[in-house]
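Chains, contacts and geometry: an overview
Each chain, letter by letter, is given below.
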Amino acid sequence: EVIIDTFANYLTAKGDRVIVARTAPAAIDLARSHAPDLILVDLQLASADGRATFEALCRFPSPVIAMTAGFSTEDRARCLQLGAAAYLTKPIKLLELHQLIQDCLYSDLASTDY
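**Focus: the overall build of the protein**
Summing up its helical and strand segments, the protein has five helices and four strands in all. Reading the protein from its N terminus to its C terminus gives the helix and strand order α-α-β-α-β-α-β-α-β. Relative to its length of 114 residues, the protein is compact, with a C-alpha radius of gyration of 13 Å against a globular reference of 13 Å. Counting across all 114 residues of the protein, residues that qualify as buried make up 36%. If you take every contact in the protein between residues at least 6 apart in sequence, the share linking residues at least 24 apart comes to 53%.

**Points about the nonpolar core**
With 17 residues, the main nonpolar core has Leu43, Phe54, Leu57, Val64, Ala66 and Cys79 as its most contacted residues. Sequence-distant contacts of Leu43, that is, excluding residues within four places in its chain, are made with Gly50, Arg51, Phe54, Ala66, Met67, Thr68, Asp75, Cys79 and Tyr87. The next biggest cluster of nonpolar side chains, apart from the first, holds 13 residues, and it includes Leu38, Leu88, Leu97 and Ile101.

Conventions we followed
Each residue is numbered by its place in its chain's sequence as written, counting from 1. Given that this is a predicted model, residues contribute local features only at a pLDDT of at least 70 and side-chain atom pairs are listed and counted only at 80 or more, while totals for whole chains, interfaces and linings are drawn from all residues. Hydrogens and waters are ignored; side-chain quantities use all the structure's heavy atoms. Comment: elements are numbered from the N terminus, with helices defined as DSSP H or I runs of at least four residues and strands as E runs of at least two. Computation of the radius of gyration draws on C-alpha atoms, with the globule rule given as 2.2 Å multiplied by the number of residues to the power 0.38. Type-normalised accessible area, obtained with a 1.4 Å probe on protein chains alone, sets the label of each residue: buried when under 20%, exposed when over 50%, and partly exposed for intermediate values. Residues count as neighbours in contact if any of their non-hydrogen atoms are within 4.5 Å of one another. Throughout this description, the term nonpolar core refers to a set of buried Ala, Val, Leu, Ile, Met, Phe, Trp, Tyr and Cys residues connected via side-chain atoms within 4.5 Å.

Following this line, the structure appears as structure tokens:
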């Protein structure tokens, strides 16, 4: 919760419009109803399978950035194969996250490691 709020507050202060989903079903519903420009998803969710949620979110046209605390070469490869715009490992620096979001939204960025 603290990390979600920190990211949301920082990105909002930078001028981004942020919609937060606190559950996997809510994330999928919000992606469907709001057609976001970009989706950030944590692969390690407390109440759901983050990887399954990630896969479901990749079906939407929005770029998806996967975040995780536990780096795995296989997991990274799978996320990028499914179409992740980026695969981030924690800790994530807020300035770097904001720059990555800008890159995903406003450049021809291919799948990238940050």
